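Coordinates in review
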Amino acid sequence: MSSVYLCGFMGCGKSHIGRMTARASGRTFVDLDRVIVEREGMSIPEIFERFGEPHFRELEAKYIRELSDGYIVATGGGALINDNTAEFARQSGLTVYINTSFENCYERIKNDANRPLVVKNTKEQLRELYDTRDAIYRRNSMCMVNGNTKDFIIRNEILKLMDYFENNGKI
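Rules and cut-offs
- Residues numbered from 1 in each chain as written.
- Predicted model: local features only at pLDDT ≥ 70, side-chain atom pairs only at ≥ 80, totals over all residues.
- Heavy atoms only, no water.
- Helix = DSSP H or I, 4+ residues; strand = E, 2+ residues; numbered from the N terminus.
- Contact = heavy atoms within 4.5 Å.
- Areas by Shrake-Rupley, 256 points an atom, 1.4 Å probe, with all protein chains shown as cover.
- Lys, Arg positive; Asp, Glu negative; His and termini not counted.
- Charge placed at Lys NZ, Arg CZ, Asp CG, Glu CD.
- Buried < 20%, exposed > 50% of the residue type's maximum accessible area, 1.4 Å probe, protein only.
- Arc of directions from axis to C-beta.
- Polar contact = N/O pair within 3.5 Å; in protein donor to acceptor, adjacent residues only side chain to side chain.
- Salt bridge = Lys/Arg side-chain N within 4 Å of Asp/Glu carboxyl O.
- Pairing = 2+ DSSP bridges.

This part takes up the overall build of the protein chain. Of the regular secondary structure elements, the protein chain holds 9 helices and 5 strands. Across the protein chain, helices and strands are ordered from the amino to the carboxyl terminus as β-α-β-α-α-α-β-α-β-α-α-α-β-α. Dimensions of the protein chain along its principal axes, counting C-alpha atoms only, are 45 × 30 × 25 Å. Within the protein chain, contacts between residues at least 6 apart in sequence are counted, and of these 74% link residues at least 24 apart. As presented, the protein chain carries roughly 8,600 Å² of accessible surface, and 46% of it is formed by carbon and sulfur atoms. Counting 24 positive and 24 negative side-chain charges, the protein chain places the averaged centre of each group 4 Å from the other.

Spelled out as structure tokens, the structure:
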């Protein structure tokens, strides 16, 4: 059974929708950021401060390779911006972009001190990052769902994609 990798901007709903999808499908949900925090023994802000963002992206690439056996994986907002990591995810499972508007994402993340990129950037800078990543998420994902609708609709769309992928071996 292949894993499902959910990607999208910070605050798009990867973890929440991932948990819902895992419950509905009987799969195990994994939050890639939590895996990194647990295995590295430090918070994401600590990793960014001590080693920098490039090191954190290397950790994402490393741990995502361990999650290819049937999980529902909420990737970090930047995990699939790495083309090699995205290629691995596409080859080992289904990659789904939860396309949520910047406004909705920003409302969810604007006061989150555990997100180094939020703390260090203005709303305008985050918007630029969102716009840049949108094109990358589209390029590096196999499918896209509308993240601006009700949670159960997003979950059901992902479940339909999973069913199709499992039965046809491709999208």
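Along the polypeptide, Asn-84 turns up in helix α5 (residues 83-92). On the basis of relative accessibility, which here comes to 58%, the residue Asn-84 falls in the exposed class. For the pair Asn-84 and Gly-169, spaced 85 residues apart in sequence, the C-alpha to C-alpha distance is 21 Å.

Right, let's talk about helix α2 (residues 32-40) for a bit. Among the residues making up α2, those that are buried are Leu-32, Val-35 and Ile-36. Buried residues of α2, viewed axially, fall in a sector of 100 degrees; they line one side. Those residues of α2 that are exposed and aimed more than 90 degrees away from the buried face are Arg-34 and Glu-38. Taken together, the buried residues of α2 touch β2 (29-31), α3 (44-51), α4 (53-64) and β3 (72-74). For α2, the side-chain oxygen to backbone nitrogen distance between the N-cap and Asp-33 is 2.9 Å, and the N-cap itself is Asp-31. Two residues or fewer after α2 comes Gly-41, characterised by a positive phi angle close to 70 degrees.

All right, on to the pattern of salt bridges then. What the rule picks out here adds up to 12 salt bridges. Residue Glu-103 is joined to Arg-127 by a salt bridge in which the shortest nitrogen-to-oxygen separation is 3.2 Å. Of the two residues, Glu-103 is situated in helix α6 (residues 102-109) and Arg-127 in helix α8 (residues 123-140); the sequence distance between them amounts to 24 residues. Note on Glu-103: relative accessible area 46%, which makes it partly exposed. Here Glu-157 ties to Lys-160 by a salt bridge, and the two come within 3.3 Å at their closest N and O atoms. Here the residue Glu-157 and the residue Lys-160 both occupy positions in helix α9 (residues 151-168), the gap between them amounting to 3 residues, near one helical turn. The exposure class assigned to Glu-157 is partly exposed, which follows from its relative accessible area of 35%.

Burial runs high along strand β1 (residues 3-7): 5 of the 5 residues are buried. Of the two faces of β1, the one holding Ser-3, Tyr-5 and Cys-7 and the one holding Val-4 and Leu-6 are both buried throughout. Both β1 and strand β4 (residues 93-99) contribute to a ladder of 5 bridges, which runs parallel. When the sheet's bridge partners are listed, Ser-3 is paired in β4 with Gly-93. Judged from the 3 bridges that link them, β1 and β3 form a sheet pairing that is parallel. If you follow Val-4 over to β3, its bridge partner there is Ile-72.

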